[in-house]
Amino acid sequence: MTPSAFMQDTLLIRSLQGMIRLTEVPVNGSGCLMVENFVAACTPNTKLVSVMLANNETGVLFDVSCISQAVKNAFPEILVHTDAAQAIGKIPVDVESLGVDYLTVVGHKFYGPRVGALYHRAGAPLLPLFYGGGQEHSLRPGTQNTPMIAGLGAAADIASRNLYSESCLMQQCRDHLETRLRETFGDKVVINCAQSPRLPNTSNFALLLPNCRNVDILREVNFTASKGAACHSHNTARPSQILLKSGVPHEVAMNSIRVSFGIKNSLEDAEFIVQDLIRATKTLARK
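Since we're looking at a predicted model, the values are computed, not measured.

(A) Region of interest: the overall build of the chain. Along its length, the chain carries 11 helices and seven strands. Computed over the C-alpha atoms, the radius of gyration of the chain is 20 Å, within 12% of the 19 Å expected from 2.2 N^0.38 for a compact globule of 287 residues. Seen through its C-alpha atoms, the chain measures out along the principal axes to roughly 65 × 40 × 30 Å. Looking at the chain as a whole, 42% of its 287 residues are labelled buried. Within the chain, residue pairs in contact and separated by at least 24 positions form 63% of the contacts whose partners lie at least 6 positions apart. Accessible surface, the chain: about 15300 Å² in total, of which carbon and sulfur atoms supply 56%. The distance from the centre of the 26 positive side-chain charges to the centre of the 24 negative ones in the chain is 6 Å.

(B) Broad picture of the environment of Gly-123. Turning to its location among the elements, Gly-123 is positioned in the loop between β4 (116-120) and α5 (135-138). Here Gly-123 falls in the exposed class, since its relative accessible area comes to 79%. C-alpha of Gly-123 to C-alpha of Asp-101: the two residues are 22 residues apart in sequence and 9.0 Å apart in space.

(C) Spotlight on the nonpolar core. Counting 33 residues, the largest nonpolar core has Leu-33, Phe-38, Val-51, Phe-62, Val-71 and Leu-103 as its most contacted members. Mapped onto this core, the elements with two or more residues apiece are β1 (48-52), α3 (64-74), α4 (95-98), β3 (102-106) and α6 (146-161). Setting aside its immediate chain neighbours within four residues, Val-71 contacts Phe-38, Val-39, Cys-42, Pro-76, Ile-78 and Val-80.

(D) Molecular detail of the packing of helix α7 (residues 163-185) against helix α11 (residues 267-285). Closest axis-to-axis distance for the α7/α11 pair is 8 Å, and the angle between their directions is 30°. Put simply, α7 runs roughly parallel to α11. The two elements α7 and α11 cross, and the hand of that crossing is right-handed. Contacts from Gln-172, Cys-173, His-176, Leu-177, Arg-180, Leu-181, Thr-184 and Phe-185 of α7 reach α11 at Leu-267, Ala-270, Glu-271, Ile-273, Val-274, Gln-275, Leu-277, Ile-278 and Thr-281. The residue inventory of the contact of α7 with α11, partitioned by class, reads 10 nonpolar, five polar and two charged.

(E) How the structure looks around unusual backbone geometry. Even without glycine at this site, Ser-138 takes up a positive phi of about 65°. Of note, Asn-211 is a non-glycine position whose phi angle comes to about 60°, a positive value. With respect to the element layout, Asn-211 can be found in the loop between β6 (202-207) and α8 (214-220).

(F) Highlighting the pattern of salt bridges. Within the structure shown, the criterion is met by 11 salt bridges. Between Glu-271 and Arg-180 there is a salt bridge, with its nearest N and O atoms 3.0 Å apart. Highlighted residues: Glu-271 in helix α11 and Arg-180 in helix α7, separated in sequence by 91 residues. The salt bridge involving Asp-216 is made with Arg-219; its shortest N-O contact spans 3.0 Å. Taken together, the residues Asp-216 and Arg-219, both in helix α8 and three residues apart, mark about one turn of the helix. According to the relative accessible area criterion, Arg-219 is exposed, its value standing at 63%. Each of Arg-180, Glu-183 and Glu-271 takes part in a single network of salt bridges with overlapping partners.

(G) Focus on the sheet that holds strand β5 (residues 189-191). Sheet architecture is open: three strands sit in the order β5-β6-β7, paired in antiparallel fashion. Each end of this open sheet is capped by a strand with a single partner; those strands are β5 and β7 (256-260). With strand direction ignored, the average angle separating the axes of adjacent strands in the sheet is 30°. Relative to β7, β6 runs antiparallel, the two sharing five bridges. Counted as the bridge partner of Asn-204 is Arg-258 from β7.

(H) Looking closely at the pairing of β3. By the criterion of burial, β3 is predominantly enclosed, with four of the five residues buried. Judged from the three bridges that link them, strand β2 (residues 79-83) and β3 form a sheet pairing that is parallel. Bridge pairing in β3 links His-81 to Tyr-102.

(I) Region of the structure containing the sheet that holds β2. With mixed pairing, four strands are arranged side by side in an open sheet as β1-β2-β3-β4. The open sheet has two free edges, formed respectively by β1 and β4, since each of these has just one partner strand. Neighbour to neighbour, the strand axes of the sheet diverge by 15° on average, direction disregarded. Pairing geometry for β3 and β4, over five bridges, is antiparallel. Bridged to Val-106 within β4 is Gly-116.

Scoring rules and cut-offs
- Starting afresh in each chain, residues are numbered from 1 along the sequence in its written order.
- Confidence filtering applies because this is a predicted model: local features only for residues at pLDDT of at least 70, side-chain atom pairs given and counted only at 80 or more, and all residues used for totals across whole chains, interfaces and linings.
- Computation of side-chain values covers all heavy atoms of the structure but excludes hydrogens and water.
- Segments assigned H or I by DSSP are reported as helices when at least four residues long, segments assigned E as strands when at least two residues long, and all are numbered from the N terminus.
- Radius of gyration: C-alpha atoms only; globule rule: 2.2 Å multiplied by the number of residues to the exponent 0.38.
- Only protein chains enter the accessibility calculation, which uses a 1.4 Å probe; a residue whose area is less than 20% of its type maximum is buried, one above 50% is exposed, and one in between is partly exposed.
- Contacts: residue pairs with any heavy atoms within 4.5 Å of one another.
- Computed with a 1.4 Å probe, the accessible areas rest on the Shrake-Rupley method; for each residue, only the protein chains presented here act as cover.
- Only four residue types enter the charge count: Lys and Arg as positive, Asp and Glu as negative, with His and the chain ends excluded.
- Working definition for charges: the position is that of NZ of Lys, CZ of Arg, CG of Asp or CD of Glu.
- Here, nonpolar core refers to any group of buried Ala, Val, Leu, Ile, Met, Phe, Trp, Tyr and Cys residues whose side-chain atoms link them within 4.5 Å.
- Angular values range over 0 to 180 degrees, each being the angle between N-to-C directions of two axes fitted as lines to C-alpha atoms, with helices fitted over their stretch in contact.
- An angle counts as roughly parallel when it lies under 35 degrees, as roughly antiparallel when it exceeds 145, as roughly perpendicular when it falls between 65 and 115, and as oblique in every other case.
- Left-handed describes a crossing in which the near helix is turned anticlockwise from the far one by less than a right angle; the clockwise case is right-handed.
- When residues are grouped by polarity, Ala, Val, Leu, Ile, Met, Phe, Trp, Tyr, Cys and Pro land in nonpolar, Asp, Glu, Lys and Arg in charged, and all others, Gly among them, in polar.
- The salt bridge definition used is simple: a Lys or Arg side-chain nitrogen within 4 Å of an Asp or Glu carboxyl oxygen.
- Two strands pair under a simple rule: DSSP has to find at least two bridges between them.

Listed below in structure tokens is the structure:
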């Protein structure tokens, strides 16, 4: 399984407490999941598998449809969950074609309110998170947050209607950035997981230049980017475990920068990033 950081930590705690047996399925050297490895990790005692639809650091897409079909062919009773938070608004997402029992989304990833939602297939078991009230079919007591719910639905509708044009725009920006980085920095730039299927908006790269650590570059530039996922931001002195597990060398992982484009960005923004990186690395090289 390849859960998000939040779910991974939660499952790890439960595993240490002896409440569950947790099995993690590693990705290959391109950051991808091999379906056969995923199925091989399942046993007749496996109850649930969980896999991200798209990785939040590398943008690599996982073939959830094939994984779900293969798992259920081998073990029909196993339930399948996917975390689609990064994918909504960037690629088509359909629960029927994915074949999953559960799917989670979060609104702020597609310009909606900061609220999450869980899809569960009819008949799939679902226990309350809290107890004490009959709201939400006795699954979550308390008054429903109607404005947030309505906002999430409206944002999902807009994202769906504009998906093709906006995803094409984001990919043009991402591709322009990576092409210009290679032209500008040559063999001193590494685009992580570039050969794998990826989200159209995400680029994860490293600049291997003297005195140019990623933390120093990010302090110097005039655009907003990150070393990795916000849920790992407390580990500032450590390389991304996602990158290391994807076969990225330690030096590259330590200096990697993640850039994500949105629907308001343009090719001019992508070019600005390149020019700003040129300026920033020259400044740092002189220090």
